[in-house]
Amino acid sequence: MRRRDLQLDAQGRLRHLLTIEGLKRQQIVDILDTAESFIGVGDQPVRKIPLLRGKTVVNLFFEASTRTLTTFELAAKRLSADVLKININTSATVKGESLLDMLRNLEAMHCDMFVVRHGDSGAAHLIAQHVAPHISVVNAGDGRHAHPTQALLDMFTIRQQKGEFAPLTVAIVGDILHSRVARSQIHALTTLGVSELRVVAPKTLLPDAVQGLGVHVFHDLREGLRDADVVIMLRLQKERMQGAMLPSEHEYFQTFGLTEDSLAVARDDAIVMHPGPINRGVEISSEVADGPRSVILQQVSNGIAVRMAVMSMVLGRAPVDGEAG
Amino acid sequence: MADQLRARFGEGGIQQTLMVGIHTGGVWVAQRLHRMLGIEQPLGQLDISFYRDDFSRIGMNPQVKPSQLPTSVDDARIVLVDDVLHTGRTVRAALNELFDYGRPASVTLVALAERSGRELPIQADVVGLNLSLDAHEHVKLTGPDPLRLEIVEAP
């Protein structure tokens, strides 16, 4: 049976998590609420619950990652799942095995979930299209396209700090062009309905299509930060840049780097976020990153609960008669 | 039930217990008992959804309330309160969860109502009401104010 939305099963429940785009507000809220209930697990003396006992989760990381890989692994382990990590650089793909052949082999080993990080946009979708019906795929970042669990943990952190989304002005600052995080955040924030969503970047680091996403574009940092409640800084993705997009890191910091001085125009209770890893002195000063308004480390902690929520929701769908998955 | 608990632990002993209600009905019953006995130690709450043995059949419930235990479970004398003791599976899950928090000195099980249909070797120490029901009949507690027990026919 062909389904309209690859992410959802016939009952409209989350079967894979590939992108925020297309998720309804209530679905996002359900994930955040579920994550809320997992927060306490980290405080228990035994940081483990038996929810996914007997399930096997495979982390397929074709691209470097520390935070995302580690928190996915921790999340799966706290749910009592067994976790495999496949380091692609040393695996058979370098021996010429195709991706789909490798997936068939992993399926034959009775795995239940693939967590996929890949440098190409659409990689997780491709895998989701080809996996056996009992397997769920979670996108842990694909090219410039999407990083849904990062956006969800950011939404969780904003809700935790600010309560409601409706009154908020949110500014996303920096390298929007290369950022899958920004794309997922924009979809999440517009779906949850913030008062104003701004993107702040030099013209060379903005994709052409950004205007169509319902955001206000600023090319001046101070104008973009004025009265903001939430400031999300993005990492300058030097490894994805070819040619002269920027004059120099130093000059970038002078014009778009977040300092106590530039942050002064935001609201007094504004919070500062960053998906990591941070380039100190490039997009953010150490003073701000380590300062009282920074919630960067809370984001990391919240990432575990949010990933537990996503994993338990996609694997914890009650079977329905007549449905194979 | 309050009298039975008082007799069991003694007037001083009951103050030393940690009373824990199982979501949702058990919490209501525990709140009432907690008030009647004047226990100073705050009431604990357990949501056993993450410990159920039928997760793969019933799926994820997004409305799970975080469990709250006000003090350490280690060496505590725990009074575990549920509304209806039926198959025993809820109590099994609650015990597993409690032991993930520590090693209690003892656990005493209190049920507002006990009915037939046990599937596990679990019995309550203190019971308010004993019911013998057919499999298709169910006991339902509504509350929290007023607390009412109803017997309903399963469809």
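Small disclaimer: the values here were computed from a predicted structure and weren't measured.

Our next topic: the overall build of chain B. Looking only at helices and strands, chain B features 5 helices and 7 strands. Ordered by position from the N terminus, the helices and strands of chain B form the series α-α-β-α-β-α-β-α-β-β-β-β. On C-alpha atoms alone, chain B measures out to a radius of gyration of 15 Å, which is about the 15 Å that the 2.2 N^0.38 rule sets for 155 residues. Along the first, second and third principal axes, the C-alpha atoms of chain B reach 45 × 30 × 30 Å. Per-residue burial over chain B gives 38% buried out of 155 residues. Partitioning the contacts of chain B with sequence separation of at least 6, the portion at a separation of at least 24 is 64%.

Residue and element names in this part refer to chain B. Pairing in this open sheet of 5 strands is parallel, and the strands run S2-S1-S3-S4-S5 from one edge to the other. Both outer strands of the open sheet, strand S2 (44–46) and strand S5 (126–131), are each paired with one neighbouring strand and no more. Ignoring strand direction, the axes of neighbouring strands in this sheet form an average angle of 25°. Bridge analysis of strand S1 (residues 17–22) against strand S3 (residues 77–85) gives 5 bridges, and the strand direction is parallel. Bridged to Met-19 within S3 is Val-79.

Residue and element names in this part refer to chain A. Packing of helix H5 (residues 148–162) against helix H6 (residues 180–192) leaves a shortest axis separation of 8 Å and a crossing angle of 50°. Classed by the angle they form, the pair H5 and H6 counts as oblique. By crossing handedness, the relation of H5 to H6 is classed as right-handed. In contact with Pro-148, Gln-150, Ala-151, Leu-152, Asp-154 and Met-155 of H5, H6 contributes Val-181, Ser-184, Gln-185, Ala-188 and Leu-192. Here the contact of H5 with H6 is composed, by residue class, of 7 nonpolar, 3 polar and 1 charged.

Glancing now at the interface of chain A and chain B. Facing 18 residues of chain A, the contacting portion of chain B comprises 15 residues. Counting residues per element, the ones that place at least two in the side of chain A that touches chain B are helix H1 (25–38) and helix H11 (296–315) of chain A. Element by element, the count of residues in the side of chain A that touches chain B is highest for H1(A), at 4 residues.

A separate point is the environment of A:Glu283. All names here are of chain A. By secondary structure assignment, the location of Glu-283 is in the loop between strand S9 (271–273) and helix H10 (286–289). Sequence separation between Glu-283 and Ala-166 is 117 residues; the distance between their C-alpha atoms is 28 Å. If near-sequence neighbours (up to four positions away) are discounted, Glu-283 is found in contact with Gly-174, Met-233, Leu-234, Arg-235, Leu-236, Phe-256, Gly-257 and Leu-258.

Turning to the pairing of strand S3 (residues 113–118) of chain A, a few remarks are in order. All names here are of chain A. Along S3, 6 of the 6 residues are buried, which leaves the element largely enclosed by surrounding structure. With 5 bridges connecting them, strand S1 (residues 56–61) and S3 associate as parallel partners. Bridging across to S3, Asn-59 finds its partner in Val-115. Pairing of S3 with strand S4 (residues 136–142) involves 5 bridges; the strand directions are parallel. Bridge assignment links Val-116 to a residue of S4, and that residue is Asn-139. Since S3 and S4 lie parallel, the crossover through helix H4 (residues 123–130) that links them has a hand, and here it is right-handed.

Below, the discussion takes up the sheet that holds strand S7 (residues 216–218) of chain A. The strands that make up a sheet are held in pairs by hydrogen bonds between backbone atoms, and each pair lies either parallel or antiparallel. All names here are of chain A. With parallel pairing, 5 strands are arranged side by side in an open sheet as S7-S6-S5-S8-S9. One side of each edge strand has no neighbouring strand; the edge strands of this open sheet are S7 and S9. Looking at each pair of strands side by side, their axes are set apart by 20° on average, direction ignored. Of the pairings in the sheet, the one linking strand S5 (residues 169–173) to strand S8 (residues 230–233) comprises 4 bridges and is parallel in character. The residue bridging Val-170 from the neighbouring strand is Val-230, located in S8.

It is worth spelling out the environment of A:Gln26 at this point. In this fold, A:Gln26 is placed in helix H1. Considered as a pair, A:Gln26 and A:Leu192 are 166 residues apart in the sequence and their alpha carbons are 8.8 Å apart.

Cut-off values and rules
Residues numbered from 1 in each chain as written. Chains lettered and ligands numbered in written order. Predicted model: local features only at pLDDT ≥ 70, side-chain atom pairs only at ≥ 80, totals over all residues. Helix = DSSP H or I, 4+ residues; strand = E, 2+ residues; numbered from the N terminus. Rg over C-alpha atoms; globule rule 2.2 N^0.38 Å. Buried ≥ 20, exposed ≤ 12 C-beta atoms within 10 Å, placed from the backbone. Contact = placed C-beta atoms within 7 Å. Pairing = 2+ DSSP bridges. Axes fitted to C-alpha atoms, helices over the stretch in contact; angles between N-to-C directions. Parallel < 35°, antiparallel > 145°, perpendicular 65-115°, else oblique. Left-handed = near helix turned anticlockwise from the far one by under 90°. Nonpolar A, V, L, I, M, F, W, Y, C, P; charged D, E, K, R; others polar. Right-handed = clockwise from strand over helix to strand, strands pointing away.

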